[in-house]
Amino acid sequence: MINRIICFFLAIMITKGSVGFVRADYGIPDHAGLKTGGAADVAKADPKGVLTVTDVAETAGHNKIAINIMWTLITGFLVMFMQAGFAMVESGLTRAKNVAHTMSMNMMVYALGMIGFFISGFAIMFGGVGSLATLGGTGVLSNEFSINLFGHAFGLFGTKGFCLIGTYDVAVFALFLFQMVFMDTTATIPTGSMAERWKFSSFVIYGLIVGAIIYPLYGNWVWGGGWLAALGSNFGLGHGHVDFAGSSVVHLTGGVIAFVGAAMIGPRIGKYNKNGSANAIPGHNIPMTVIGCFILAFGWFGFNPGSTLAGGDLRIGVIAVNTMIASATGAFASMLYMWFFKTKKPDPTMMINGMLAGLVAITAPCAFVNVQCAALIGLISGILVIEAAFFIELKLKVDDPVGAVAVHGVNGAWGCLALGLFADGTYGDGWNGVPGTVTGLFYGNAGQFYAELIGVTTNIIVIGALSWVVFKLIDLTVGNRVSAKDELEGLDVPEMGVEGYAGIKMDKNSETPLSR
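What you see is a predicted model, and the numbers here were worked out from it, not measured in a lab.

(A) Geometry of the packing of aromatic side chains. Counted under the stated rule, the structure contains 31 aromatic pairs. Through pairs of rings, three or more aromatic residues link up here, namely Phe117, Phe118, Phe122, Phe126, Phe176 and Tyr215.

The following block contains the structure:
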């Protein structure tokens, strides 16, 4: 017993003595965090030597990049969670008999798009982007294929990083994750416009191709150092085509693909009458759609502020507030416009699409405009999404069950043009290699508006043509559309093998209106 007591006190003495080398007040709780972390936590080049200015500078630099990489990863995780929002919005706005099919597309497009992006998409998009300044300045991604026209280099696509080979670098991998989830947003937009009649085998092929080729090509031209980004340095058009977080790169691309796909696959059975009038085909679960909308709005705080790729860029506060305000004014404008000018009812589905339209529209200009302009951009988008949805359905006769083209395509274009109009010159010095801040038409720089217009027009033409070719080839091989029998029955069992709502008896015929 005596020996145990002696050993106990010796242990206390040894412990007390050892911690004295760390901090004199060790063992005293640091309630405010004022004493936790200090000089003792700075790594020294010579562990036995004294702390030098170089040691402090190295640690400060390392911590700065560590904060930026952590910020990029965390905001990327938020964007990844948006996939759940898309799944709920699209499934809620479509019919109960197709819910397993719609949910499955939203789930698998994440995996399929990622595989395509891993194989070739990332290399095409960022293989020649050059130094990643906010993530440590790595120059691993250095190979861009270009052609010379009019005495200037036109970057077309990257050639390094296929399957991430030769890019084993912490900054590159952080960028890959962040950009992959952006690509996935584009990939999932057509699953809404083509829902309820898209053959799953066709969707699988599309999911691989969109991540491997379609999305990254235009993405390279804007974010990978390609020719649209160089419109400023090459031709004096502002700072080139500027898109802070993806109104054109992500949303317009997805919207154009969605429009082409929906037009080629044709309307759902019962959507249009012989005289061309349209029948409403209501979604089966408004609560699910509302929850999905809020998940998307939450994820957008990763989408837009995260695009700084720098947690130390304090502009993130402005970006976040602009994002939030535009979503609110978009929803508000849609509610009032439907209530007073369209159906005389506020319509929750249009409130939802109005909020999403505001978010899409502010995505490009969120870092470059003041909050009053952000509110105006959202207001316009809330009206634009309604008029676009009615025009697409009633005039163009394109059946888009969730309004994906109006939300993402039309308002993606509007967002880029809004940047060209309202950028106020308070941010973006050196963007795309052009000295000075980004300034729009209303602040004295017409060239920026022209660059935005060129970028939007290019997207519509190139992505539209690529999408048509891809869907045409898929149609010739496996076919894009399910049989009429399967469509009327609902795609859950014929296509997926399981009911989305097992044990619930549904009147599936009532979900499909009879054409007159």
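(B) Just the nonpolar core, in detail. Within the largest apolar cluster, 115 residues are counted, with the highest numbers of intra-cluster contacts made by Phe122, Phe182, Tyr206, Tyr215, Trp223 and Phe368. Excluding residues within four positions of it along the chain, Trp223 makes contact with Met125, Phe126, Val129, Gln179, Phe182, Tyr215, Asp243, Phe244, Ala245, Gly246, Val249 and Val250.

(C) The packing of helix H4 (residues 170-188) against helix H8 (residues 247-265), seen in detail. Two elements in contact, H4 and H8, have axes separated by 7 Å at closest approach and are oriented at 25 degrees. Taken together, the axes of H4 and H8 lie roughly parallel to each other. Judged by the sense of rotation from one axis to the other, the crossing of H4 with H8 is right-handed. Along the contact surface, H4 presents Phe182, Thr185 and Thr186, while H8 presents Val249, Val250, His251, Thr253, Gly254 and Ile257. Looking at the contact of H4 with H8, its residues break down into four nonpolar, five polar and no charged.

(D) Spotlight on helix H9 (residues 286-303). In this model, H9 (18 residues) spans 25 Å end to end at C-alpha, consistent with the 26 Å of a helix rising 1.5 Å per residue. Along H9, the residues that are buried comprise Met288, Thr289, Gly292, Cys293, Ile295, Leu296, Ala297, Gly299, Trp300, Gly302 and Phe303. Its buried side turned inward, H9 meets helix H2 (53-92), helix H3 (99-126), H4, H8, helix H10 (316-342) and helix H11 (348-363). Among the residues of H9, the N-terminal cap falls to Asn285, whose side-chain oxygen and the backbone nitrogen of Met288 are separated by 2.9 Å.

(E) Spatial organisation of the pattern of salt bridges. Under the defined criterion, the tally for this structure stands at six salt bridges. Residues Asp399 and Arg268 are paired through a salt bridge, measuring 2.8 Å at the closest nitrogen-oxygen approach. With a gap of 131 residues between them, Asp399 in the loop between helix H12 (371-395) and helix H13 (404-422) and Arg268 in the loop between H8 and H9 connect regions that are remote in the sequence. Of the two residues, Asp399 and Arg268, neither departs from the other in class, the shared state being buried. A network of salt bridges, in which partner residues are shared, links Arg95, Glu196, Arg268 and Asp399.

(F) Inspection of a nonpolar patch on the surface at higher detail. On the surface, Phe81, Phe298, Phe301, Val321, Met324 and Val371 cluster together into a nonpolar patch covering about 490 Å² of accessible area. Note that Phe301 resides in helix H9.

(G) Up close: the pairing of strand S2 (residues 152-158). Strand direction decides the pairing type here: strand S1 (residues 144-149) and S2, joined by six bridges, are antiparallel. Each residue of the ladder has a partner; that of Glu144, found in S2, is Gly158. In sequence, S1 turns back onto S2 through a hairpin of two residues, with Phe150 there showing a positive phi of about 55 degrees.

(H) Spatial organisation of the packing of H4 against helix H6 (residues 200-223). One can describe the packing of H4 onto H6 by two numbers: an axis separation of 10 Å at closest approach and a directional angle of 115 degrees. One way to sum up the angle between H4 and H6 is to call them roughly perpendicular. Regarding H4 and H6, the two cross each other, and that crossing is right-handed. Along its contact with H4, which presents Gln179, Phe182, Met183, Thr186 and Ala187, the element H6 presents Tyr206, Val210, Gly211, Tyr215 and Trp223. Here the residues of the contact of H4 with H6 are counted per class, giving seven nonpolar, three polar and no charged.

Conventions used here
Residues numbered from 1 in each chain as written. Predicted model: local features only at pLDDT ≥ 70, side-chain atom pairs only at ≥ 80, totals over all residues. Heavy atoms only, no water. Phe/Tyr/Trp six-rings, centres within 6.5 Å; stacked < 30°, edge-to-face > 60°. Core = buried A, V, L, I, M, F, W, Y, C linked by side-chain atoms within 4.5 Å. Buried < 20%, exposed > 50% of the residue type's maximum accessible area, 1.4 Å probe, protein only. Contact = heavy atoms within 4.5 Å. Axes fitted to C-alpha atoms, helices over the stretch in contact; angles between N-to-C directions. Helix = DSSP H or I, 4+ residues; strand = E, 2+ residues; numbered from the N terminus. Parallel < 35°, antiparallel > 145°, perpendicular 65-115°, else oblique. Left-handed = near helix turned anticlockwise from the far one by under 90°. Nonpolar A, V, L, I, M, F, W, Y, C, P; charged D, E, K, R; others polar. Expected span 1.5 Å × (residues − 1). Polar contact = N/O pair within 3.5 Å; in protein donor to acceptor, adjacent residues only side chain to side chain. Salt bridge = Lys/Arg side-chain N within 4 Å of Asp/Glu carboxyl O. Patch = residues over 30% accessible without salt bridge, like charges linked within 9 Å, V, L, I, M, F, W, Y side chains within 5 Å. Areas by Shrake-Rupley, 256 points an atom, 1.4 Å probe, with all protein chains shown as cover. Pairing = 2+ DSSP bridges.

Geometric values such as these leave the question of function open.
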